[in-house]
Amino acid sequence: PAKKGKYIHSIPIVGNRTDIPYMAKKYHIDEIIIAIPSASPTTVRELLTICQETDARLKRLPAIASSLTASLSQTVREVNYEDLLGRDAVVIENSELANFVAEKTIMVTGGGGTIGSELCRQIIANNPGKLLVIDIYENGAYELQMELKRYYPDTDVEVLIASVRDYDRMENIFSTYKPDIIYHAAAHKHVPLMEYSPNEAVKNNCMGTWNMAKLADKYNVRRFVLISTDKAVRPTNVMGATKRICEMIVQTYNRKSKTEFVAVRFGNVLGSNGSVIPLFLKQIEAGGPVTLTHKEITRFFMTIPEAVSLVLKAGLMAKGGEIFVLDMGQPVKIYDLAINLIKMKGYVPGRDIKIEIVGLRPGEKLYEELLMAEEGLESTTNDLIFIGKPIELDDEKFLNQLDHLIHIAYQNRNTIKAEIEKVCDTYHPQ
């Protein structure tokens, strides 16, 4: 407040943050730079909210240390979608990770995907004995292989093209490499696509996870971490229901195996393949419209490093049987996100870029939940990570139902959704 009315290099200081909308209009401002390097993400979010009342393009100066060796014009960057998250980034300390992975063979399935590749990056940075990357999609696997070779030329990395559906191929890999720790990220994850190809969701998600669990047990893997989703809670779609069945598989095998099986459940990952923000940005780039399924739809969001830190932390904390859940803060309204992204790019919503409400897609919920009430919630030593207690299951009955479900899936019948409902009783298709 004391600076108001003074000058910096002959430029008047005309007000504080609450004056921004009026002053931007008065001086015909084209661009606003948020130049408070020490500001917390919450403060930046508050500033963005005020600045978005103007028509100006928004930019941001990051931490001052990085700008000491570069000119300010080079350092100032566009506001990015992580600035719009609305909460401080979750920082999970994984200092024990290096000891955990030392001299061990770590397998990551779906290693070429968004979560899988970030898992590989964070694991390899902690010097594992060997990193084993498994993926059926060769392009993603190849790109990751080139990246890891470039930055970690001395680390033992093996990239193998294989499908988790193929038991014999996976057994060959297990018998050859004998993994110690498995992060199972391979899955079909797109909600609308799986509504139209439900048999494929069962084959890849349920059968793939069952194959991996059987082999982890047979080859005495120390720990098995399943990547799950908030869509597994009271699922209304095939993808969520099959991931819930995956959780049931790992909880069942934890009871009968020396391997410690756990699941990690989180929400939508900012910037991941097929997620809403890259889609919105492409639509804005093309001049619109930005398509939104419902004005009131909300989602929990995490950044990719946050999601992966949680997975790795869960791998360290696991005793077996847990479903780990991260406190992801408040859900974000997707409509507000769309408005903010349009403004972030310097356009006026509704005038320059239209927003079109197209209706909920098959299997889509308005609101996601992170935990079923019947699971309860137990705190851990990390106040951002919680544990859902295992639900009681008749293991033999469940595995028989699972076997039947996979048999039906391979017959490619249209009745598969009803069969999924028999196995996952919390699944209620829309």
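Our subject is the structure listed above.
Owing to the predicted nature of the structure, the values given are computational and were not obtained by experimental measurement.

(A) Highlighting unusual backbone geometry. Note that the residue after Gly-288, namely Pro-289, is joined by a cis bond; omega there is 0°. Counting through the fold element by element, Pro-289 comes out in the loop between α12 (276–285) and β13 (290–292). Despite not being glycine, Asn-127 has its phi angle at roughly 55°, a positive value. As for its placement among the helices and strands, Asn-127 is situated in the loop between α6 (114–124) and β7 (130–135).

(B) Spatial organisation of the packing of aromatic side chains. Following the criterion strictly, the structure yields three aromatic pairs and no others. Where Phe-224 meets Phe-261, the ring centres are 5.1 Å apart and the plane angle is 40°; that geometry is what we call tilted. In this pair, Phe-224 sits in strand β10 (residues 223–229) while Phe-261 sits in strand β11 (residues 260–266), placing the two residues 37 residues apart along the sequence. When its relative accessible area of 0% is taken as the criterion, Phe-224 is described as buried. Note on Phe-261: relative accessible area 1%, which makes it buried. Through a chain of ring-to-ring contacts, three or more aromatic side chains come together here, namely Phe-224, Tyr-253 and Phe-261. A cation over an aromatic ring shows up here: Lys-256 above the ring of Tyr-253, its NZ or CZ 4.7 Å from the ring centre.

(C) Region of the structure containing the environment of Lys-258. Mapped onto the elements of the fold, Lys-258 is located in the loop between α11 (238–256) and β11. Looking at Lys-258, the relative accessible area reads 79%, which means it is exposed. Sequence separation of Lys-258 and Arg-222 is 36 residues, and the distance between their C-alpha atoms is 7.6 Å.

(D) The pattern of salt bridges, seen in detail. The tally for this structure, following the rule as stated, stands at 20 salt bridges. Residue Glu-260 pairs with Arg-223 through a salt bridge whose shortest N-O separation is 2.7 Å. Highlighted residues: Glu-260 in strand β11 and Arg-223 in strand β10, separated in sequence by 37 residues. Each of Glu-118, Arg-121 and Glu-147 takes part in one network of salt bridges that share partners.

(E) Geometry of the sheet that holds strand β16 (residues 323–326). Here nine strands make up an open sheet; going across it, the order is β8-β7-β6-β9-β10-β11-β16-β20-β19 and the pairing mixed. What marks the edges here is a single partner per strand, and that holds for β8 (157–161) and β19 (378–379). Examined bridge by bridge, strand β6 (residues 105–109) and β7 share five bridges and lie parallel to one another. Within β7, the residue paired with Thr-105 across the bridge is Lys-130. Sheet strands in contact with helix α10 (residues 198–218) are β6, β9 (181–184), β10 and β11, and its direction is about 175° off that of β9.

(F) Structural context of the side chain of Asn-204. If you trace the backbone, Asn-204 turns up in helix α10. With residues near it in sequence (within four places) discarded, Asn-204 still touches Val-164, Arg-165, Ala-187, His-188 and Thr-209.

(G) View of the packing of α6 against helix α7 (residues 138–151). Their axes nearest at 11 Å, the elements α6 and α7 cross at an angle of 15°. The angle between α6 and α7 places the two elements in the roughly parallel class. Note on packing geometry: the crossing formed by α6 with α7 is right-handed. Seen from α6, the contacting residues are Ser-117, Cys-120, Arg-121 and Ile-124; seen from α7, they are Leu-144, Glu-147 and Leu-148.

(H) Representation of helix α15 (residues 395–410) in the model. The first and last C-alpha atoms of α15 sit 23 Å apart over 16 residues, in line with the 22 Å expected at 1.5 Å per residue. Inspection of α15 places Phe-398, Leu-399, Leu-402, Leu-405, Ile-406, Ile-408 and Ala-409 among the buried residues, and these make up the whole buried set. On its buried face, α15 is in contact with α10, α11 and α16 (416–423). Phi for Asn-412, located one or two positions after α15, is positive at around 55°.

(I) Highlighting the pairing of β16. Every second residue of β16 is oriented toward a common face, with Ile-323 and Val-325 on one face and Phe-324 and Leu-326 on the other, all of them buried. Pairing geometry for β11 and β16, over three bridges, is parallel. The residue of β16 that forms the bridge with Arg-265 is Val-325.

(J) Structural context of the nonpolar core. Judged by nonpolar contacts, the single largest core of 50 residues is most densely connected at Ile-245, Leu-402 and Ile-420. Membership of the second largest hydrophobic core comes to 40 residues, among which are Val-108, Ile-115, Leu-131 and Ala-314.

What counts, and at which threshold
Residues numbered from 1 in each chain as written. Predicted model: local features only at pLDDT ≥ 70, side-chain atom pairs only at ≥ 80, totals over all residues. Heavy atoms only, no water. Helix = DSSP H or I, 4+ residues; strand = E, 2+ residues; numbered from the N terminus. Phe/Tyr/Trp six-rings, centres within 6.5 Å; stacked < 30°, edge-to-face > 60°. Buried < 20%, exposed > 50% of the residue type's maximum accessible area, 1.4 Å probe, protein only. Lys NZ or Arg CZ within 6 Å of the ring centre and 35° of its normal. Salt bridge = Lys/Arg side-chain N within 4 Å of Asp/Glu carboxyl O. Pairing = 2+ DSSP bridges. Contact = heavy atoms within 4.5 Å. Axes fitted to C-alpha atoms, helices over the stretch in contact; angles between N-to-C directions. Parallel < 35°, antiparallel > 145°, perpendicular 65-115°, else oblique. Left-handed = near helix turned anticlockwise from the far one by under 90°. Expected span 1.5 Å × (residues − 1). Core = buried A, V, L, I, M, F, W, Y, C linked by side-chain atoms within 4.5 Å.

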